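# Structural description and commentary
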Amino acid sequence: MEALVLETFLSVVPLIPHPDTPPSAIGSVVCSISWQGPGNWSFDYIVGEPPEALRLPPAVVPARADGLWQRTCFELFLRRPGEAGYCEFNFSPSGEWAAYRFDGYREGMEQLVVKPPRITSTDPAQFAAGMTAHLTALGIDAETAKMMAELNVGDVGDGPSSQYALSALLEDAEFGWAGGALASITAVIEEADGTKSYWALAHPGEKPDFHHPDGFVLELPAAP
């Protein structure tokens with residue numbers, strides 16, 4: 001019996017700040033995408049400035065949490081083509097995450113049933129906490145998992161960094177639907193001086209609105 005090999009859609013897309021909320025010192029935000037389907041993907045967000053330029057929440061044990069968008073936060077919205085309902089994922093530099101489902105534009109919000117995404121970043125403390133949680137979930141005892149995670153920190157944070165990056169990975173075979181998706185990739189960036197800017201693939205509204213139906217501009221293919 002032949003093994004199933006999933007094709008992977010790869011892309012790098014730039015985000016743009018809303019003109020009403022310009023950044024103070026952030027030159028670029030891009031997202032690198034690795035997509036095999038609604039339940040199997042990785043989105044890597046890269047801010048083209050050193051971590052010191054950002055106001056980042058401190059690393060904590062990864063857990064589900066609300067209100068993450070009030071600080072620096074990276075987000076993903078997915079919608080099945082032809083449907084009004086959509087999903088929202090929030091990925092915090094703290095390692096916390098959130099996932100919601102909506103019946104329509106900002107309507108019928110509920111917690112989304114999905115496996116926790118794995119979040120790692122160029123912050124050594126967050127990388128260690130995220131990897132420890134991942135290894136523990138695989139059945140490795142907490143002490144060994146912590147030691148392995150610390151060993152794997154490697155060059156993360158070794159010397160000055162010219163950019164900040166966060167990776168969010170989901171592997172959930174039971175989540176999603178057959179077919180492709182429309183995506184809106186967004187970010188809330190809070191700078192060290194308190195400036196907040198709102199970044200997205202597109203800004204169809206006069207004010208920042210990541211839920212806007214016309215913001216789902218990226219077509220992601222169906223798994224073969």
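Residues numbered from 1 in each chain as written. Predicted model: local features only at pLDDT ≥ 70, side-chain atom pairs only at ≥ 80, totals over all residues. Heavy atoms only, no water.

### Some points on the pattern of salt bridges
Opposite charge on two side chains lets them pair, provided their charged atoms get close. Considering all chains together, one arrives at 6 salt bridges under this definition. Residues Lys207 and Asp20 are paired through a salt bridge, measuring 3.3 Å at the closest nitrogen-oxygen approach. Taken together, the residues Lys207 in the loop between β11 (196-200) and β12 (218-220) and Asp20 in the loop between β1 (9-17) and β2 (29-37) connect sequence positions 187 residues apart. Classification of Asp20 by relative accessible area gives partly exposed; the value is 45%. The network of salt bridges with common partners includes Arg101, Asp103 and Glu110. (Salt bridge = Lys/Arg side-chain N within 4 Å of Asp/Glu carboxyl O. Helix = DSSP H or I, 4+ residues; strand = E, 2+ residues; numbered from the N terminus. Buried < 20%, exposed > 50% of the residue type's maximum accessible area, 1.4 Å probe, protein only.)

### Some details on the side chain of Glu75
Residue placement: Glu75 occurs in strand β4 (residues 73-79). Aside from chain neighbours lying at most four places away, what touches Glu75 is Tyr45, Trp69, Glu88, Phe89, Asn90, Ser184, Ile185, Thr186, Val188 and Phe210. (Contact = heavy atoms within 4.5 Å.)

### Let's talk about the confidence of the model for the protein
Model confidence for the protein is summarised by a mean pLDDT of 89, while 88% of its residues fall at 70 or above. Contacts of residues 1-5 to residues separated by more than four positions or lying in other chains number 0 contacts, the stretch itself having pLDDT below 50. (pLDDT = per-residue confidence, 0-100.)

### Brief notes about the pairing of β11
By the bridge criterion, 2 bridges tie β1 to β11 in an arrangement that is antiparallel. Its bridge partner lying in β11, Ile16 is registered against Ala200. Examined bridge by bridge, strand β10 (residues 181-190) and β11 share 5 bridges and lie antiparallel to one another. Note on β11: the bridge partner recorded for Thr186 is Ala200. If you look at the hairpin formed by β10 and β11, you'll find 5 residues sitting between the two strands, and Gly194 has a positive phi there, around 95°. (Pairing = 2+ DSSP bridges.)

### Observations concerning unusual backbone geometry
The phi angle at Arg106 is positive, at roughly 55°, despite the residue not being glycine. Residue position: Arg106 is located in the loop between β6 (97-102) and β7 (110-111).

### Details of the packing of aromatic side chains
Within this structure, the stated rule accounts for 14 aromatic pairs. Residues Trp41 and Phe43 carry aromatic rings whose centres are separated by 5.3 Å and whose planes lie at 75° to one another, so their mutual orientation is edge-to-face. What makes Phe43 buried here is its relative accessible area of 0%. Both rings, one in Phe74 and one in Tyr164, keep their centres 6.3 Å apart while their planes meet at 20°; by these two values the pair is stacked. Of this pair, Phe74 sits in strand β4 while Tyr164 sits in strand β9 (residues 164-171); the two residues are 90 residues apart in sequence, bridging distant segments of the chain. Taking relative accessible area as the criterion, Phe74 reaches 0% and is therefore assigned buried. Overall, Tyr164 belongs to the buried group, its relative accessible area being 1%. Site record: aromatic cluster; members linked through ring pairs are Trp41, Phe43, Tyr45, Phe74, Phe89, Phe91, Tyr164, Phe175 and Trp177. Over the face of the ring belonging to Phe216 we find Arg79, whose NZ or CZ atom lies 4.7 Å from the ring centre. (Phe/Tyr/Trp six-rings, centres within 6.5 Å; stacked < 30°, edge-to-face > 60°. Lys NZ or Arg CZ within 6 Å of the ring centre and 35° of its normal.)

### Looking at the environment of Val12
Mapped onto the fold, Val12 is located in strand β1. For the pair Val12 and Asp44, spaced 32 residues apart in sequence, the C-alpha to C-alpha distance is 9.1 Å.

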